[in-house]
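# Structural features, examined
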Amino acid sequence: MPISGLILTLSSNSEAAQTALDKCHADPQVQVGEFVGPRRCPITLDTNNPEEDKVSWQRLQDDPGIDFVDVVCVYFDEDEKAEDSTVQVPASHSGTMALAD
Amino acid sequence: MSLMQLDRRNFLKSVAMATATAAAHETFAATTNDVSLPQLDPKVTDPPAIDGVVWDKAPCRFCGTGCHVMVGVKNNRVVAVTGDRHAAVNKGLLCVKGYHVGSILYGQGRLTQPLLKTDTGYKAISWEEAIKVIAKRIIKRPKTFAIYGSGQWTIPEGYACQKFIKGGLANNHIDPNARLCMASAVTGFIGTYGVDEPAGCYDDLDAANVIITWGNNPAEMHPVLFSRFIDRRSRGEKVTLIDIGTRRTRTTEQADHYLCFNPHSDLAIANGIMQQLIENDTFDKKFVEQHCNFRYQVDPKKPGLKGAPSTFEAFKKAVAEYTPERVEEISGVPADKIRMLGKLFGRRDIRITSLWCMGMNQHSAGTMINNLVHSVHLLSGHFGRPGDAPTSLTGQPSACGTAREVGTLAHALPGGRLVKLKAHRQHCEDIWNLPRGRMNPKPGYHTVKMWEAFCTPTDQPGGDIDTIWVQVTNPGQTLPNLHKLFDPKANLKDKFLIVSDVYPTATTQLADLILPAALWVEKNGMFGNSERRTQQWFRQVTPPGQARDDCWQVIAVARAMFDMGHEGMRDKDGKFIFETKDDQGSEVPIWEWENYYGKVNVDEALFEEYRKFTRLKHKDLAPYSEYVKAHGLRWPVVQQPDGSWRETGFRFSGFDDPYVGKDASGKPKEFDFYHSTTKDGRAQIWHYPYLDPPEMPDATYPFWLCTGRVLEHWHSGTMTRRVPQLARAVPRAYVEINPDDAKAAGIAQGSPVKIESRRGSIVLPARINGRGQPPRGSIFVPFFDETKLINNVTLDVTCPISKEPDYKKCAVSIMPVSTSKG
């Protein structure tokens, strides 16, 4: 799974920002770096599977104590296989993608 | 997990932390002049040295921001992506889509071989056969063939298509998806300044005191640009954000003022600001007197690109009716907020930047609202100084570089030239070494007309397009009113649809011939972003299976036609129009795939030819080799006496733009609109009245429908829906409904809702109080989901000047759908 480097911009609401930061510190998937300026905080995110990755990302995005999430880098697991596509063939047009024999 | 794997992950985490910390310092230092960067671990290089990983630069594949990434490749596979700290655009940062850009190459279902439709399904065929099928079809009916592309074409790809259609076939039927997203910005710039594309640049975002988003949601659609604003605020700078929109978004969450307006009434708001500037006598008299003219539309219902000359007195009289109270009546925005905007624009001590994208462009009066927002900035003098800028953003990575600059529009020629002008056609014939008179003076069909002709039976009037070759876009999902403009093809057996793409899409559903295409760093490329920055990258991995470059596909078809004797594929000396020679002067058969990445760099050869077109409108480009060295350069790029090449940040401003004329003392003028439509160095301030849109809610269809995008997905989702993390974050389309409307209609969170317009219907789950929050009487649906085509519902009415459809408003009904089986 990817290991990513992110920058969080914490809210100007110091109480909400502290709560968000506390949650990050308590999360074993998150490593918190040293602040750059009053509200910018680099972190790393290391998850076990895509579902955890999605949940962690979404939590950061939606946290009221975090104004913004910037991405800096992502490293993929080299052994990771392409996952099943979640895309389904649309049924709205009458064509098909069936291969002829 | 083995100890070795653990060590490797720990190492990667330390690298990720060091890189993120460095990027945070990079942005902080860049905006504070604090150059005392901390001591970083000297073992962490830039980009990081990771066992066996080879790094090279590329622009991100997604939106028009033009972020630079460093791509890490190992064993012919992309294994890492970092933001490029040396890139001025993003200073090392990326958004969530850039985060996953490497994964787009490896989704399941890549197209890897040409597929020809037969009575029993699709049959795999060779490239040789595929090329012959296309060449024979075009030769049989060259005038009824069209190419449809997008701002996802690289610059050389778009240029090759442009030359093939306009220089080779001379039928001019080429148009891009940019017609559906940027065309109104183009006509807005041309009508105001006489030449396309923004005068300012992203530096404006670092200098503005006030940022106004007009129907724009950069927090989700251009997050890296929004991050500049967030970063400034986080350091305690006072930057006021005013969000003028039709629904609350993540941008609104950060706004100091949110002005929610009734759809289409932005026309009244812009007029209201100008009324205030005049009533308060706070417009910039010096700027207006020295640099502006006034224009209006004689018949607002039949507007033209250049309108008619007017006077200040007539303008004053025309905007006088847009008092704050009258604007409130039309727009729903409180009069006090209109006064607030008027006061802000009346101040000389602050800098104001306006941003917009689809909200103003996908508008049945798209050209006119673009003209009016430019006019607000001109009348107030908030123009041309860093931080003072009216700036449109683009949704596609090379909407500017390819669609607008190369000119892959039905009416355009490279470098801002026009099909209809004889002198411009002759420039092209000269550069392309074509016989005089080869090129066709009649513009081709714009997007809506092209697809309407394709979906009309050939033996009926208006059915005169019978073959379309689609590259790098997905019209089967993104055209408006699909039941009219795409679906009829299914029953028109003499129409032939060719689609080059990387994955199956809603468009390949009806394709007769599917061609597998290379994607992003699987090929060489060049993009041009929203701030006039031209960027270059090299191929870093090989494409899967038989997937090949779009540009090669076009050149191969052109050569097949040449070999079959088609005169259009020869220049006036009888040579192939894409003849390419190596350093020794020998022709290289680049139409053979094994030679395409061989002795010559085809991108470089095409770009160097294209570059000859760029001087006429002062969009000068540097040699290809300069872009190899740079992280993009903003045109005009002008060679200096010492031989170096200098980019331009601020057009028309004497302090930066080398083409600004000189005053009597020999110094550059403060401003010079040197492509003025009135040929006097002046920009145009427009008046255009508020008129009701073509379709409005009524008793049968009482809601406004607005469509758009979401953070996690790009455009029609072809790539991002194949990235599991992004697909799982937002797996399906939904309809955002105001909680009061939902309650009144008996619609619960997540329950199915039928949305119906005069054109079609769709059922989607309800989302109430989600990320986006529409006001009462309005709903929003994203268009990324190919299993839920909202464009079955949308309206195909276009702006009369730009021909861009209005995806942002039409009338619909909503009703809950029973899920009980009893």
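Residues numbered from 1 in each chain as written. Chains lettered and ligands numbered in written order. Predicted model: local features only at pLDDT ≥ 70, side-chain atom pairs only at ≥ 80, totals over all residues. Heavy atoms only, no water.

### Here we look at the pattern of salt bridges
Evaluation of the coordinates by the stated rule reveals 54 salt bridges over all chains. The shortest N-O distance in the salt bridge between R615(B) and D620(B) comes to 3.2 Å. A residue is classified by how much of its surface remains accessible, and D620(B), at 2% relative accessible area, is buried. The salt bridge partner of R758(B) is D698(B), with a shortest N-O separation of 2.5 Å. With R758(B) in the loop between β28 (752-756) and β29 (761-768) and D698(B) in the loop between β25 (683-687) and β26 (703-708), the pair connects residues that are 60 residues apart, well separated along the chain. Residue classification places D698(B) among the partly exposed positions, given a relative accessible area of 29%. Through salt bridges that share partners, R40(A), D70(A), D231(B), R232(B), R235(B) and E237(B) make up one connected network. (Salt bridge = Lys/Arg side-chain N within 4 Å of Asp/Glu carboxyl O. Buried < 20%, exposed > 50% of the residue type's maximum accessible area, 1.4 Å probe, protein only. Helix = DSSP H or I, 4+ residues; strand = E, 2+ residues; numbered from the N terminus.)

### Topic: the confidence of the model for chain B
Counting all residues, the mean pLDDT for chain B is 94, and 96% of those residues have values of 70 or more. A low-confidence stretch, residues 31-43 of chain B (pLDDT under 50), is modelled with 11 contacts involving residues beyond four sequence positions or located in other chains. (pLDDT = per-residue confidence, 0-100. Contact = heavy atoms within 4.5 Å.)

### Concerning the domain arrangement of chain B
Residue and element names in this part refer to chain B. If you check the domain split of chain B, you get domain 1 (3-106), domain 2 (115-181 + 444-526 + 541-600) and domain 3 (703-816). Summarising the inter-unit geometry, the C-alpha centres of domain 1 and domain 2 are found 36 Å apart. Each side of the interface is counted separately: domain 1 has 15 residues, and domain 2 has eight residues. Across the domain 1/domain 2 interface, buried area totals approximately 980 Å², and carbon plus sulfur atoms make up 63% of it. Taken as a group, R61, N76 and L105 account for 58% of the area that domain 1 buries against domain 2, more than any other trio of residues on that side. Taken together, the connections running from domain 1 to domain 2 amount to four residue pairs in polar contact (both at pLDDT 80 or more). Elements supplying a minimum of two residues to the side of domain 1 that touches domain 2: β1 (54-59), β2 (68-74) and β3 (77-83). In terms of residue count, the dominant contributor to the side of domain 1 that touches domain 2 is β2 (three residues). (Domains from an automatic or database assignment. Buried area = accessible area lost by both parts, 1.4 Å probe. Polar contact = N/O pair within 3.5 Å; in protein donor to acceptor, adjacent residues only side chain to side chain.)

### Some remarks on the packing of helix α4 (residues 155-169) of chain B against helix α22 (residues 550-563) of chain B
All names here are of chain B. Running from N to C, α4 and α22 cross one another at 25°; their axes reach a closest spacing of 8 Å. Here α4 lies roughly parallel to α22, going by the angle between them. Of the two elements, α4 crosses α22, and the hand of that crossing is left-handed. Taken together, the residues of α22 that come into contact with α4 (itself represented by P156, E157, A160, C161, F164 and L169) are D550, C551, V554, V557, A558 and M561. A class-by-class count of the residues in the contact of α4 with α22 yields 10 nonpolar, no polar and two charged. (Axes fitted to C-alpha atoms, helices over the stretch in contact; angles between N-to-C directions. Parallel < 35°, antiparallel > 145°, perpendicular 65-115°, else oblique. Left-handed = near helix turned anticlockwise from the far one by under 90°. Nonpolar A, V, L, I, M, F, W, Y, C, P; charged D, E, K, R; others polar.)

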